[in-house]
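Residue-level listing of the chains:
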Amino acid sequence: MDAWAWDETLFAGAAAHYGTGRMPYPPGLADAVRDALGLDGTGRLLDVGCGPGSLTVLLAPLFAEAVGVDADPGMIAEARLKAPGIDWRLMRAEELPGGLGTFRVVAFAQSFHWMEQDLVAERVRGMICPAGAWVHIGATTHRGVDTAEPLPLPAPPWDAIDDLVARYLGPVRRAGQGLLPHGTKGSEEEVMARAGYAGPERITVDEGRIAERSEDEIVAAVLSLSSSAPHHFGDRLPVFEADLRLLLRDAAPGGRFAERMRGVEAVIWRP
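For clarity, every value in this text was computed on a predicted model and none was experimentally measured. Each residue is numbered by its place in its chain's sequence as written, counting from 1. Under the rules for a predicted model, residues below a pLDDT of 70 receive no local features and side-chain atom pairs below 80 are neither given nor counted, while totals for whole chains, interfaces and linings still include all residues. With hydrogens and water stripped out, all remaining heavy atoms of the structure feed into the side-chain values.

A.B. asks: Mind showing me how you'd approach the packing of aromatic side chains here?
C.D. replies: Stacked, tilted and edge-to-face are the three classes applied to pairs of Phe, Tyr and Trp rings, where Trp contributes its six-membered ring and a pair requires centres within 6.5 Å; stacked means planes under 30 degrees apart, edge-to-face means over 60, and tilted covers the rest. All chains considered together, the criterion is met by eight aromatic pairs. Seen from their ring centres, F108 and F112 are 5.4 Å apart, and the 70 degrees between their planes marks the pair as edge-to-face. In terms of burial, F108 and F112 fall into one category: buried. Judged by centre distance (5.1 Å) and plane angle (80 degrees), the rings of F112 and W134 are edge-to-face. Of this pair, F112 sits in the loop between β4 (103–109) and α5 (117–125) while W134 sits in strand β5 (residues 128–138), and the two are 22 residues apart along the sequence. We note that F112, like W134, is buried. Through a chain of ring-to-ring contacts, three or more aromatic side chains come together here, namely F108, F112, W134 and Y197. The criterion is that NZ of a Lys, or CZ of an Arg, lies within 6 Å of the ring centre and within 35 degrees of the ring normal, and then a charge sits over that ring. A cation over a ring is seen here: R22 above Y18, with NZ or CZ 4.3 Å from the ring centre. Think of it in three bands: residues with accessible area under 20% of the maximum for their type are buried, residues over 50% are exposed, and the middle band is partly exposed, with areas taken using a 1.4 Å probe on protein chains only. Only runs of H or I of at least four residues qualify as helices and only runs of E of at least two qualify as strands under DSSP, and these elements are numbered from the N terminus.

Structural data, given as structure tokens:
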């Protein structure tokens, strides 16, 4: 394919692996967002591209009502199991406003780069209350930072894991039914400026935590990614998982790993 286009298989089969494979956002993130925006338990939250609801559930107590939207039915099913009291909607961001009304905060976490950004930025702007904000959470939760510092356990062999995935799926990153030879979209600041937003204001939450992770958690982290989601492997998935587990056991015979977690950045834009 010459150009990647979104399709419904982007995260097919990945949702079931999120809860195990993705590390949670730091608890201090909710406090930082609350303090930056003066949240007081009123108003509404919209989480766009919410996945299984990791960020939605963390931020929901700061609002009177929370809504999460995602285009993947597996993600919405997981979210509904996790937090049935939140209003979860199966829809693409490009379908907004979708009759959802207005919101104090509209949040995006690890999702905006998959969308038709100019269209979504324009449509969402009309959904934000005059005193509200767009909050973009930048985080990498499937793995920690590369570091030469001593850790209490072996670090996951991420370079070797990437090589193994490439041996099965090829050297060019997969995404749905297409390929991403140049990675996902960037230039968020240009998109937001074109859409008329003011900002950005940046907040970083870095608690410096070291996470201990199991073999099962690393396997789930790999399968939670769009580039190595289960559907890419077809009937070779069991063989790939067996090879992955052998690689992990060579790196840590005890089946336990340690990683320093990455900082999380909240980028705030005003309509």
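What follows continues from the structure just given.
A.B. asks: What is the right way to read the pattern of salt bridges from this model?
C.D. replies: Pairing is possible between side chains of opposite charge, provided their charged atoms come close. By convention in these notes, a salt bridge is any Lys or Arg side-chain nitrogen within 4 Å of a carboxyl oxygen on Asp or Glu. A complete count under the given rule lists 16 salt bridges for this structure. Notably, a salt bridge pairs R92 with E94, separated by 3.2 Å at the nearest N-O pair. Between E259 and R213 there is a salt bridge, and its shortest N-O distance comes to 2.8 Å. One end of the pair, E259, is in strand β10 (residues 256–260); the other, R213, is in strand β9 (residues 210–214), with 46 residues separating them in the sequence. The same class applies to E259 as to R213, namely buried. Beyond isolated ion pairs, a larger network of salt bridges with shared partners links E215, D216, E241, R245 and R249.

A.B. asks: I would appreciate a short explanation of the sheet that holds β5 in the present structure.
C.D. replies: Across a sheet, paired strands are connected by hydrogen bonds in the backbone, their directions being either parallel or antiparallel. Pairing between strands requires that DSSP locate at least two bridges from one strand to the other. Strand order in the open sheet formed by seven strands is β3-β2-β1-β4-β5-β11-β8, and the pairing between neighbours is mixed. Unpaired on one side and paired on the other, β3 (87–90) and β8 (198–205) mark the two borders of the sheet. Neighbour-to-neighbour, the strand axes of the sheet open up by a mean angle of 20 degrees, direction not taken into account. The sheet strands contacting helix α4 (residues 73–82) are β2 (65–70) and β3, and the helix crosses β3 at an angle near 170 degrees. Any two residues whose heavy atoms approach within 4.5 Å are treated as being in contact. Each axis is a line fitted through C-alpha atoms, taken for helices only over the stretch in contact, and angles between the N-to-C directions span 0 to 180 degrees. Contacting β4 and β5, α5 crosses the sheet at an angle of about 145 degrees to β5.

A.B. asks: I tried to follow the side chain of E188 on my own but got confused; where do I start?
C.D. replies: Inspection of the secondary structure puts E188 in helix α7 (residues 188–194). Working convention for charge: Lys and Arg count positive, Asp and Glu count negative, and His plus the chain ends are omitted. No salt bridge is formed by the buried E188; its nearest oppositely charged neighbour, R202, is found at 6.4 Å. Ignoring anything within four residues of it in the chain, the contact list for E188 reads F112, W134, H136 and W269.

A.B. asks: What exactly am I supposed to notice about the pairing of strand β1 (residues 44–48) here?
C.D. replies: Successive residues of a regular strand alternate their side chains across the two faces of the sheet. Of all five residues in β1, four are buried; the element is thus mostly enclosed. The pairing of β1 with β2 spans five bridges and is parallel. In the sheet register, L45 faces β2, and the bridge partner there is A66. Taken together, β1, helix α3 (residues 54–59) and β2 constitute a β-α-β crossover, and its handedness is right-handed. Orient the strands so they point away from the viewer; a crossover is then right-handed if the path from the first strand over the helix to the second runs clockwise.

A.B. asks: Looking at this model, I keep getting lost on the state of the cysteines. Mind explaining?
C.D. replies: Covalently bonding the sulfur atom of one cysteine to the sulfur atom of another cysteine gives a disulfide. Disulfide: a pair of cysteine sulfur atoms within 2.5 Å of each other. According to the stated counting rule, one finds zero disulfides in the structure shown. Not engaged in a disulfide, the cysteine C50 finds its nearest cysteine sulfur in C129; these two sulfurs lie 19 Å apart. Its relative accessible area of 7% is what places C50 among the buried residues. The exposure class assigned to C129 is partly exposed, which follows from its relative accessible area of 26%.

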